[in-house]
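# Close look at the chain arrangement
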Amino acid sequence: MAHAGIKTVILLSFVLAVGFLLVILSCALWGNWLPLLVALTFVVAPLPNALFSRCGGDDFSAEYDGSGPVDLGRFITAFVVVTGFALPLVLAHSEVIAPGACVMSIAGGALVYATIMAYSATFKEASSEFD
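All of these numbers come straight from a predicted model, not from anything done at the bench. Position labels on residues start from 1 in each chain and follow its written sequence. Whole-chain, interface and lining totals are the exception, using all residues; otherwise, since this is a predicted model, local features are given only for residues with pLDDT of at least 70 and side-chain atom pairs are given and counted only at 80 or more. Each side-chain value is derived from all of the structure's non-hydrogen atoms; neither hydrogens nor water enter the calculation.

### Focus on the overall build of the protein chain
When its secondary structure is counted, the protein chain shows 5 helices and 0 strands. Walking the protein chain from its N terminus toward its C terminus, one meets helices and strands in the order α-α-α-α-α. Burial classes: relative accessible area under 20% of the type maximum marks a residue as buried, over 50% as exposed, and values in between as partly exposed (1.4 Å probe, protein chains only). In the protein chain, which comprises 131 residues, the proportion classed as buried is 27%. Contact between two residues is taken to exist if any of their heavy atoms lie within 4.5 Å; hydrogens are not considered. A separation threshold of at least 6 residues defines the contact pool for the protein chain, and within that pool the share at least 24 residues apart is 70%. Accessible surface area values rest on a Shrake-Rupley calculation with a 1.4 Å probe, where residue burial reflects the displayed protein chains alone. Carbon and sulfur atoms make up 70% of the accessible area of the protein chain, which amounts to about 8,700 Å² in all. In DSSP terms, a helix is any run of H or I states spanning at least four residues, a strand is any run of E spanning at least two, and both are numbered starting from the N terminus.

### Some points on the environment of I24
As for its position among the elements, I24 is in helix α1 (residues 6-28). Exposure remark for I24: the relative accessible area of 43% places this residue in the partly exposed category. Distance from I24 to A101, taken between C-alpha atoms, is 9.7 Å for residues 77 residues apart in sequence. Setting aside residues no more than four positions away along its own chain, I24 makes contact with W33 and L36.

### Let's talk about the packing of aromatic side chains
Note on aromatic pairs: the rings of Phe, Tyr and Trp (six-membered ring only in Trp) are paired at centre separations within 6.5 Å, and the planes decide the class, stacked below 30 degrees, edge-to-face beyond 60, tilted for the rest. Summed over the entire model, instances satisfying the criterion amount to 3 aromatic pairs. Aromatic pair F42 and F85: ring centres 5.1 Å apart, planes at 75 degrees, arrangement edge-to-face. Here F85 lies in helix α4 (residues 68-93) and F42 lies in helix α2 (residues 36-44), a separation of 43 residues in the sequence. Between F42 and Y113 the ring centres are 6.0 Å apart and the planes differ by 45 degrees, which places this aromatic pair in the tilted class. Of the two residues, F42 sits in helix α2 while Y113 sits in helix α5 (residues 99-122), which places them 71 residues apart along the sequence.

### So, the side chain of S105
Residue placement: S105 occurs in helix α5. Apart from residues lying up to four places away in sequence, S105 is in contact with V23, S26, P35, V38 and P88.

### What about α4?
If you check α4, its first and last C-alpha atoms are 36 Å apart, about what 26 residues at 1.5 Å a residue would give, namely 38 Å. Along α4, the helix axis deviates most sharply at A86, where the bend reaches about 30 degrees; the proline P88 sits within four residues downstream. All buried positions along α4 are accounted for by V70, G73, T77, V80, V81, G84, P88, L91 and A92. Packing partners of the buried residues in α4 comprise α2, α3 (46-52) and α5. Positive phi appears at E95, one or two residues downstream of α4, with a value of about 60 degrees. Helix span, expected: 1.5 Å multiplied by one less than the number of residues in the helix. Here the bend at each residue means the angle between axes fitted to two seven-residue stretches, the one ending at that residue and the one beginning there.

### Re the nonpolar core
One finds V38, F42, A45, V80, V81, V112 and Y113 forming the largest nonpolar core, which totals 7 residues. Counting residues per element, the ones that place at least two in this core are α2, α4 and α5. Here, nonpolar core means buried Ala, Val, Leu, Ile, Met, Phe, Trp, Tyr and Cys residues that are tied together by side-chain atoms lying within 4.5 Å of each other. Judged by nonpolar contacts, the second largest core, of 6 residues, contains L91, A92, I97 and A101.

### Concerning unusual backbone geometry
Comment: phi is negative for the bulk of residues other than glycine, and the bulk of peptide bonds are trans. Positive phi is not limited to glycine here, since E95 has a value of about 60 degrees. As for its position among the elements, E95 is in the loop between α4 and α5.

Treat this as a map of the structure, not an account of what it does.
Encoded structure:
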């Protein structure tokens, strides 16, 4: 672990549990399990960014910071995150789910995604100069 302690892990796990609780309650309270797809999208969202971040360019090209695979990973991640926010809104607009389920699903999904991003930022490996 980097500089994060056990309190950080406990806080992140609590926020993740609250996020999943909101998503599951948005399904269970209204008897429709379609908002559970939001949890799936927010869990899958960081994967393209994590996979394509290792495909960076060489250290000698100073004119451009990014590369094609890194930008593709960011684009796919952004697409999945926007889908995670838009899916409950579309389902609520078409009256497939209740508006309360939409709000709870979006809030829970945002907490899940924010927890995953905070965990990956907190425990990110420091790059060494000699690697």
